[in-house]
Amino acid sequence: MERVASGPGRRDRPPRTVAPPPAVSRQPRRASPAPRGRAGSCRLTACAAHQETASPLAPGAPPIGAGGGGARPAQTSVRRQPRSAQPEPSPRQRWRLCPGAGGGGADGERSRPAAPAPHRPGLQSSRPSGEAVPQAEAQLSLENLSQKTANHREVETFVMTEFALKEIMSSGGAEDDIPQAERKTVTDFCYLLDKSKQLFNGLRDLPQYGQKQWQSYFGRTFDVYTKLWKFQQQHRQVLDNRYGLKRWQIGEIASKIGQLYYHYYLRTSETSYLNEAFSFYSAIRQRSYYSQVNKEDRPELVVKKLRYYARFIVVCLLLNKMDVVKDLVKELSDEIEDYTHRFNTEDQVEWNLVLQEVAAFIEADPVMVLNDDNTIVITSNRLSETGAPLLEQGMIVGQLALADALIIGNCNNQVKFSELTIDMFRMLQALEREPMNLASQMNKPGMQESTEKPARRENPHKYLLYKPTFSQLYTFLAASFKELPANSVLLIYLSATGVFPSGRSDSEGPYDFGGVLTNSNRDIINGDAIHKRNQSYKEMHCLHPGDLYPFTRKPLFIIVDSSNSVAYKNFTNLFGQPLVCLLSPTAYPKALQDQSQRGSLFTLFLNNPLMAFLFVSGLSSMRRGLWEKCQDYLRKINRDIAQLLTHSRSIDQSFLQFFGDEFLRLLLTRFIFCSATMRMHKIFRQETRNYPESYPQLPRDETVENPHLQKHILELAAILDVRNVFLENTLDDY
């Protein structure tokens, strides 16, 4: 424990900003530590293996990955080692468009993994040698196919390119009349296009977790698509005349570049890459690359266009560009109506379900902030420079930093879009910073012109797991635990249906209180809790508190939002490492229960405490001026909560160990504000299970029931003119 003036530093990874099309050019690569990226899930949000019939986005949907149009993101070079062949994925392992999903190939195709790129000028850049990869990791690398296989694939690609070239040339006139330079242009374009498809299809075989295995493959994909995009720009006229290049084909290239930037965001959690994906998707729409698709009698091309819209919507949702989302939803609705009318397809129901999901997702927020002209104000809930309360001089806190987070969603009947539930979406944004231009920050007045790096820290890396099985959840948890750096924290967020024990047990161990549901093929009873058929055994499709014991060997921060969250109150800190569990209420007042589909109130408090406060106060809209006034007052409350917590003499040291990290500090102050609000609210006073709890327990009289904090809450209620819903003399009622 040290006296703290600022949060702990970590590996600095300044994001590479890349110009959107058409100004796409490769820039010199500067050395930079490797981004700690890997985002994935198993039938999960990020790059999920999913059944083909799950949705219209599933069958053959391309992986969210394809090369960038400019200087590619920084990466760490890895020495290549031979790898054993990987088994062919089963048909049930086709990839799906999730907020990052990916398909097994180029819209319906399922090809083999791509061979390493041949030594062709401009396609493969040199990299300095790094440390050797351990043998276990080297076997996972897609770079390490045998030379024999690579040579065979290269010959196969060359033969296919030559065949396609002859077909194209013969259809445009006499082959002998084509100038040699134009012939070479078409040949080079076909080669780049084939190579890009190979690399793109191979992205589905990248490991979903791990830090190093995927980076070099991504780099090669970026290289090829950078060259392909620039090549088609420079030789557009020749390709139009000799190759018959169509605008939707250009749109496909741009779409795949956007997918790769989006996928790179999932693996690095760096929001700057979301902006790059938005630039490419936006350019496709502005330049109407897909405008001629509807004139062709090819339903597969229309499906490409529909998938593009779905991917674009996901990116806009993550960037809080709700105005663009609404326009895209209207356009997508018109496209789906035209598609189903023209082709009478069987996937009409699935596409209509996509529209319903995104519409419900947009309307999930229970409170609207309005301008003077009654237009809706879009509020961002990412961490800003003034978001978390600052550490003041004299505060003694730990130096731990949040490095990894597992965000798990397995709630029934909750609003979702593209396998991202509203609770997962809110927690995802609570663990990210607002995108910031590092170059502009360095040029601000007063910044020292020195070699000092910006003080801004990176976002914690996140796995997004939608309805994982126990084995899948444990695999990602173990991988994250294994790679957790020193002095770092692993956060586990569980938003899941509760699993209750069906009978009383003689013992009270970590497997006797139930837990939260993991995915299985069995039906859920009453949509809420699952019960064991044989009471002599523990529930196997459940994450019990005891399942997390092995991971308490390192600092662990757990958030459980479930109807059986209190099961995790029975933790035992076996290894003496910092450990905190924030637990939601197990039930809510009847007046609020019908809102559960729009997300949990507890998670809403952790994501946007003012909106949650307005909701429990019975308000559904507010003017922007009053909203900003309340936000300023809430920041003052957070500062006072930070002082209460750090000056407490009886608080468990685990809370102070985590308080040095900005994200965890903000979550802790919001949790205390949530708990204090519910304890003072009249409709929550009916029973104690309506209150959040924690492990270890917070000293109530110094935190959640502190008179100074209660006074602040009443003053905030007075600003909103809702003081009547709170108890005035709260302490007298205990």
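Quick caveat: nothing in here was measured; it's all calculated off a predicted structure. (Residues numbered from 1 in each chain as written. Predicted model: local features only at pLDDT ≥ 70, side-chain atom pairs only at ≥ 80, totals over all residues. Heavy atoms only, no water.)

S.K.: Now, about the overall build of the chain: what can you tell me, with residues and values included?
M.R.: Counting its secondary structure elements, the chain contains 20 helices and 17 strands. Expressed as a percentage of the 734 residues in the chain, the buried residues total 59%. When contacts within the chain are restricted to residue pairs at least 6 apart in sequence, those whose partners lie at least 24 apart make up 80%. When the accessible surface of the chain is totalled, it reaches about 30,800 Å², and 49% of it is carbon and sulfur. (Helix = DSSP H or I, 4+ residues; strand = E, 2+ residues; numbered from the N terminus. Buried < 20%, exposed > 50% of the residue type's maximum accessible area, 1.4 Å probe, protein only. Contact = heavy atoms within 4.5 Å. Areas by Shrake-Rupley, 256 points an atom, 1.4 Å probe, with all protein chains shown as cover.)

S.K.: Account for unusual backbone geometry, naming residues and giving values.
M.R.: Cis geometry is found at the peptide bond from Y695 to P696, where omega equals -10°. Summarising the element assignment, P696 is placed in the loop between β17 (693-695) and α20 (707-719). Here the phi dihedral of N413 falls at roughly 60°; this positive angle occurs in a residue that is not glycine. Among the structural elements, N413 can be located in the loop between β6 (401-410) and β7 (416-417). Using a relative accessible area of 57% as the deciding quantity, one classes N413 as exposed.

S.K.: An account of the confidence of the model for the chain is requested, with residue identities and associated values reported.
M.R.: A residue-level look at the chain finds 69% of positions with pLDDT of 70 or above and a mean pLDDT of 75. Mean pLDDT across the elements of the chain bottoms out in strand β2 (residues 48-49) (33) and peaks in strand β14 (residues 556-561) (97). Confidence drops under pLDDT 50 across residues 522-533; counting only partners more than four residues distant or on other chains, this segment forms 26 contacts. (pLDDT = per-residue confidence, 0-100.)

S.K.: Just give me the short version of the pattern of salt bridges, but keep the residues and values in it.
M.R.: Once their charged atoms are close, side chains differing in charge can pair, the charge on each being opposite to the other. All chains considered together, the criterion is met by 22 salt bridges. The salt bridge partner of R242 is E182, with a shortest N-O separation of 2.7 Å. Placement of the pair is R242 in helix α5 (residues 236-243) and E182 in helix α3 (residues 180-202), with a sequence separation of 60 residues. The exposure class of E182 is partly exposed, given its relative accessible area of 23%. The partner of R700 in a salt bridge is E705, and the shortest N-O contact between them spans 4.0 Å. Judged by its relative accessible area of 10%, E705 falls in the buried class. Among the charged side chains, a salt-bridge network with shared partners connects R382, E432 and K462. (Salt bridge = Lys/Arg side-chain N within 4 Å of Asp/Glu carboxyl O.)

S.K.: So what's going on with the nonpolar core? Which residues, and what values?
M.R.: In this structure, L491, F557, I559 and L601 are the most contacted members of the largest nonpolar core, which totals 155 residues. Other than its neighbours up to four places away in sequence, I559 contacts M427, L491, I492, Y493, L494, L582, F602, L606 and L667. Counting 30 residues, the second-largest nonpolar core is a separate cluster that includes L406, L490, I492 and L579. (Core = buried A, V, L, I, M, F, W, Y, C linked by side-chain atoms within 4.5 Å.)

S.K.: Quick one: what's the story with a nonpolar patch on the surface, residue by residue and with numbers?
M.R.: Taken together, the side chains of M368, I376 and I378 make up a nonpolar region of the molecular surface, amounting to roughly 230 Å² of accessible area. By the element assignment, I376 lies in the loop between β4 (368-370) and β5 (396-397). (Patch = residues over 30% accessible without salt bridge, like charges linked within 9 Å, V, L, I, M, F, W, Y side chains within 5 Å.)

S.K.: Explain the sheet that holds strand β13 (residues 542-543) residue by residue, including any values.
M.R.: Ordered by their spatial adjacency, three strands build an open sheet running β11-β12-β13, and the pairing between neighbours is antiparallel. Each having just a single partner strand, β11 (498-499) and β13 make up the two edges of the open sheet. Direction of pairing for strand β12 (residues 515-517) relative to β13: antiparallel, over a ladder of two bridges. Its bridge partner lying in β13, L517 is registered against C542. (Pairing = 2+ DSSP bridges.)

S.K.: Provide a residue-level description of helix α17 (residues 624-647), including the pertinent values.
M.R.: With 24 residues, α17 should reach 34 Å at 1.5 Å per residue; the first-to-last C-alpha distance of 35 Å fits that figure. Listed in full, the buried residues belonging to α17 are W627, C630, Y633, L634, I637, N638, D640, I641, A642, L645 and T646. (Expected span 1.5 Å × (residues − 1).)

S.K.: Break down helix α7 (residues 272-286) for me, with residues and values.
M.R.: The first and last C-alpha atoms of α7 sit 21 Å apart over 15 residues, in line with the 21 Å expected at 1.5 Å per residue. Burial of α7 is extensive: 12 of the 15 residues sit out of reach of the surface. Three or more residues of α7 are buried, namely S272, Y273, L274, E276, A277, F278, S279, F280, Y281, S282, A283 and I284. Among the structural elements, α6 (247-268) and α8 (299-318) are those in contact with the buried residues of α7. S288 sits one or two positions beyond α7 and adopts a positive phi of about 55°.

S.K.: Report on the pairing of strand β9 (residues 461-466), specifying residues and quantitative values.
M.R.: Burial runs high along β9: six of the six residues are buried. Here β9 shows two buried faces, one formed by H461, Y463 and L465 and the other by K462, L464 and Y466. Relative to β9, β6 runs parallel, the two sharing six bridges. Its bridge partner lying in β9, I408 is registered against L465.

S.K.: Outline the sheet that holds β6, supporting the account with residue identities and numerical values.
M.R.: As summarised here, the arrangement of the six strands in space is β9-β6-β10-β14-β15-β17, forming an open sheet in which the pairing is mixed. Two strands close off the open sheet at either side, each with one partner strand: β9 and β17. Sheet twist, expressed as the average angle between the axes of neighbouring strands with direction ignored, equals 10°. Of the pairings in the sheet, the one linking β6 to strand β10 (residues 488-496) comprises nine bridges and is parallel in character. Each bridged residue has a counterpart across the sheet, and for G409 the counterpart in β10 is S495. (Axes fitted to C-alpha atoms, helices over the stretch in contact; angles between N-to-C directions.)

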